[in-house]
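# A closer look at the structure
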Amino acid sequence: MPRREGPGPATTPTNPHVQLDQQPADGGPRRRLRELLAELPVAWRESMISVPGAEALTLRVEKAKGPQEAFMIGTEFAHLHPDPDHSLHMVLPDAAARTAIDAGWAEQHPVARRGLIPAGSVMVYAPRNDDEAEVVASLVRASYEYACGDVQH
């Protein structure tokens, strides 16, 4: 995983856990991210656990073969926050979460730091350009594979 350029953005230390700066200048990176995720066989729904307007990626029940800790609620494994935030929350296998954090793409969710939700629950920072959207899409795909039971945790 490439290293994310620059320091991490400012975020809130508690719920609602949102990104406060370093958002993209326009909606282009968000559109590119949605294009890159279009091939995933998921249902896009309003998140059942996030702020109003957050778009959740959910699996059909028969496809959700990952461990319980791969999901935030129900079969929701990731969600995209609305404007002006643009960050994402997702659950990754612990090793993948550590890699994303170490490379500067993510931070552990504050509730996960308290041990109340799985350690792999992370905020992935908003992509600022199309190249960053590619990296973020790879993390969403890793979360999807974890939720499907396609990776070891």
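Rules used throughout
Just so you know, the residues in each chain are numbered from 1, in the order the chain's sequence is written. Given that the model is predicted, a residue must reach a pLDDT of at least 70 before its local features are reported, and side-chain atom pairs must reach 80 or more before they are shown or counted; all residues, however, enter totals for whole chains, interfaces and linings. For the side-chain quantities, the full set of heavy atoms in the structure was used; hydrogens and water were omitted. Buriedness of a pocket was judged along seven lines, with at least five required to meet protein on both sides within 12 Å; pockets are open sets of points on a 1 Å grid over the protein atoms alone, cavities are sets where a 1.4 Å probe fits but cannot get out, and lining residues have an atom within 4 Å of a point. Grid points are joined across faces, edges and corners, and a volume is the space filled by probe spheres set on the points. The helix count covers DSSP runs of H or I at least four residues long, the strand count covers runs of E at least two residues long, and both are numbered beginning at the N terminus. Among buried residues, the Ala, Val, Leu, Ile, Met, Phe, Trp, Tyr and Cys ones that are joined through side-chain atoms within 4.5 Å form a nonpolar core. Only protein chains enter the accessibility calculation, which uses a 1.4 Å probe; a residue whose area is less than 20% of its type maximum is buried, one above 50% is exposed, and one in between is partly exposed. Should any heavy atoms of two residues lie within 4.5 Å, those residues are counted as being in contact. Two strands are said to pair when DSSP picks up at least two bridges between them. To obtain each axis, a line is fitted to C-alpha atoms, and for helices this fit is confined to the stretch in contact; angles are then taken between N-to-C directions over 0 to 180 degrees.

### Regarding the layout of surface pockets
Each pocket or cavity is described by its volume, and for the largest pocket that value is around 330 Å³. Along its surface, the largest pocket is lined by 20 residues, and N15, I49, H79, H89 and H109 are the ones closest to its centre. Of all the secondary-structure elements, those providing two or more residues to the lining of the largest pocket are strand 4 (88–91) and strand 6 (121–124). Looking at the lining of the largest pocket, the element that brings in the most residues is strand 4, giving 3 residues.

### Details of the nonpolar core
With 33 residues, the main nonpolar core has L33, L57, L59, F77, L88, M90 and V124 as its most contacted residues. Those elements giving two or more residues to this core turn out to be helix 1 (28–37), strand 3 (76–80), strand 4, helix 2 (94–102), strand 6 and helix 4 (130–148). No other element matches the 10 residues that helix 4 contributes to this core. Sequence-distant contacts of M90, defined by excluding residues within four places in its chain, comprise M72, F77, A78, G120, S121, V122, V124, L139, V140 and S143.

### Some points on the sheet that holds strand 2 (residues 55–58)
Spatially, 6 strands are ordered 1-2-3-4-6-5 in an open sheet, and the strand pairing comes out antiparallel. What marks the edges here is a single partner per strand, and that holds for strand 1 (43–46) and strand 5 (106–108). Each strand of the sheet is rotated relative to its neighbour by a mean of 30°, with strand direction disregarded. Here strand 2 runs beside strand 3; their pairing, made up of 4 bridges, is antiparallel. Each bridged residue has a counterpart across the sheet, and for L57 the counterpart in strand 3 is A78. Contacts between helix 4 and the sheet are confined to strand 2, strand 3, strand 4 and strand 6, with strand 4 contributing the most and set at about 35° to the helix.

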